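These are the residues of each chain, in order.
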Amino acid sequence: MTPVRPWLVRRLLLGAAQTVAVVLLVFALTEALPGDAAVVLAGDQPDPARIAAIRDTMELDRPAAVRLLDWAAGLAHGDLGTSLVSGRPVNSYVTDGFGPTLLLASLAVLLLVPAGVGLGVLAARHQGRLVDRAISTVTLGVYAVPEFALGVLLVTVFALRLGWLPPTAVGYGTDLLAHPAALVLPVLVLLSRPVCSLARMVRAGMIEALASPYVAQARRYGIHGARVRYAHALPNAMAPAAQHLARTVDWLLCGVIVVEALFVIPGLGTVLMNAVAERDVPVVQGLAVVFGVVTVVLNIGADLVTRRFAPRGEVTA
């Protein structure tokens, strides 16, 4: 087994390289805009003065390599740039939108882990029986429904027909925690597919772990069934699930664009959609870098959790 510290150093170096690759990719995609980026950003009927102002703000007359170095230097100091539309720092956009998105993601993860793991363990315990078939059928069916379609269905039934819950978060601002009713439907939509995929992954891992030689040896030693399941089989079943959970958290934190758009929640997804609609390239660039860094950090954390749960296996970067 590879010692933890050298492996961690290599993993951190790889994460740093991935972050650099994200920065280069985002800048390259921005440079690939057709024609003059200033003309594109100026709108359908561009004003020459506005084009000149945008070109001066983006410093398009300078070589791309010089602009990349300056932008990367600003990123290293936490400066994501300045919005072309409002003149506000991109950091303020991230700060304003991060709260609602983090709240939704946190609530979803708090419910996702017990629900997904519990359903997976329950299905594995009753492998091949009615409970297992019911859980597998329902999770597969729910997973096949797109978030937007499920959200529209829930809004139609519980908000418009029954009137139990508000259909959107309009009027509540960013303090959604003070209005828990507005969070119910978005969290349910966010949970729908991750719970199904996590439950099916835990089920498969549990079945494989329960059939392994070390579990059979533990049973021969007379270890109680519950202890075998939860102390020996479940940690090994959670190793691949940890990677999946990291991807799920990454998906939740990186905007949840469809859900935020459907329920009009002022999170990072809404910020990104508005920036794309307004062709505000610095905001799009800043959010893309933030999302990329979050992805790298979460993947490193998932690898650490995987090593903790399954130390016999090597973690692939």
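Relevant structure appears above.
Let us look at the structure shown here.

Cut-offs and rules
Residues numbered from 1 in each chain as written. Predicted model: local features only at pLDDT ≥ 70, side-chain atom pairs only at ≥ 80, totals over all residues. Heavy atoms only, no water. Helix = DSSP H or I, 4+ residues; strand = E, 2+ residues; numbered from the N terminus. Buried < 20%, exposed > 50% of the residue type's maximum accessible area, 1.4 Å probe, protein only. Areas by Shrake-Rupley, 256 points an atom, 1.4 Å probe, with all protein chains shown as cover. Phe/Tyr/Trp six-rings, centres within 6.5 Å; stacked < 30°, edge-to-face > 60°. Lys NZ or Arg CZ within 6 Å of the ring centre and 35° of its normal. Expected span 1.5 Å × (residues − 1). Bend = angle between axes of the 7 residues up to and from the residue. Core = buried A, V, L, I, M, F, W, Y, C linked by side-chain atoms within 4.5 Å. Contact = heavy atoms within 4.5 Å. Arc of directions from axis to C-beta. Salt bridge = Lys/Arg side-chain N within 4 Å of Asp/Glu carboxyl O.

1. Some remarks on the overall build of the chain
Thinking step 1. In terms of helices and strands, the chain carries 13 helices and 0 strands.
Thinking step 2. Starting at the N terminus, the α and β elements of the chain follow one another as α-α-α-α-α-α-α-α-α-α-α-α-α.
Thinking step 3. Residue burial in the chain is summarised as follows: out of 317 residues, 40% are buried.
Thinking step 4. Approximately 16500 Å² of the chain is accessible, and the part contributed by carbon and sulfur atoms is 67%.

2. Quick word on the packing of aromatic side chains
Thinking step 1. By the definition in use, this model includes 2 aromatic pairs.
Thinking step 2. Judged by centre distance (6.0 Å) and plane angle (45°), the rings of Phe158 and Trp164 are tilted.
Thinking step 3. In this structure, Arg193 packs its charged tip against the face of Tyr143, placed 4.3 Å from the ring centre.

3. A few points about unusual backbone geometry
Thinking step 1. Here Val264, not a glycine, exhibits a phi torsion of approximately 55°, which is positive.
Thinking step 2. Residue classification places Val264 among the partly exposed positions, given a relative accessible area of 42%.

4. Here's the deal with helix H7 (residues 147–161)
Each full turn of the α-helix corresponds to 3.6 residues, which orients residues three or four apart in the same direction.
Thinking step 1. Across its 15 residues, H7 extends 20 Å between first and last C-alpha, which sits within 8% of the 21 Å expected from 1.5 Å per residue.
Thinking step 2. At Val155, H7 shows its strongest bend, of approximately 30°.
Thinking step 3. The complete set of buried residues in H7 reads Glu147, Leu150, Gly151, Leu154, Val155 and Ala159.
Thinking step 4. Positive backbone phi, at 70°, marks Gly163, one or two positions downstream of H7.

5. Side note on the nonpolar core
Across soluble globular proteins, nonpolar side chains show a tendency to be buried alongside one another.
Thinking step 1. Within the largest apolar cluster, 32 residues are counted, with the highest numbers of intra-cluster contacts made by Leu185, Leu190 and Phe263.
Thinking step 2. Elements with a minimum of two residues in this core: helix H5 (90–125), H7, helix H8 (181–210) and helix H11 (257–262).
Thinking step 3. The biggest single contributor to this core is H8, with 11 residues.
Thinking step 4. Those residues in contact with Leu190, other than ones at most four positions away along the chain, are Leu104, Ala108, Trp251, Leu252, Val256 and Val259.
Thinking step 5. Among the nonpolar cores identified, the runner-up in size contains 19 residues, and Leu68, Tyr93, Val289 and Val290 belong to it.

6. Some points on helix H6 (residues 130–143)
Thinking step 1. The terminal C-alpha atoms of H6, which comprises 14 residues, lie 20 Å apart, in line with the 20 Å expected from a rise of 1.5 Å per residue.
Thinking step 2. Among all positions of H6, only Asp132, Ile135 and Thr139 are buried. Taken down its axis, H6 places every buried residue within 70° of arc, on the same side. Of the exposed residues in H6, those oriented more than 90 degrees away from the buried face are Leu130, Thr137 and Val138.

7. Quick notes on the pattern of salt bridges
For side chains bearing opposite charge, pairing can occur when the charged atoms are close.
Thinking step 1. For the structure shown, the criterion picks out 3 salt bridges.
Thinking step 2. With a shortest N-O distance of 2.7 Å, Asp132 and Arg203 are connected by a salt bridge. Of the two residues, Asp132 sits in helix H6 while Arg203 sits in helix H8, which places them 71 residues apart along the sequence.
Thinking step 3. The class of Asp132 is buried, set by a relative accessible area of 3%.
Thinking step 4. Judged by relative accessible area, Arg203 falls into the partly exposed class, the value being 23%.
Thinking step 5. For Glu147, the salt bridge is made with Arg193, and the minimal N-O distance between the two is 3.7 Å. With Glu147 in helix H7 and Arg193 in helix H8, the pair connects residues that are 46 residues apart, well separated along the chain.
Thinking step 6. For Arg193, a relative accessible area of 24% puts it in the partly exposed group.

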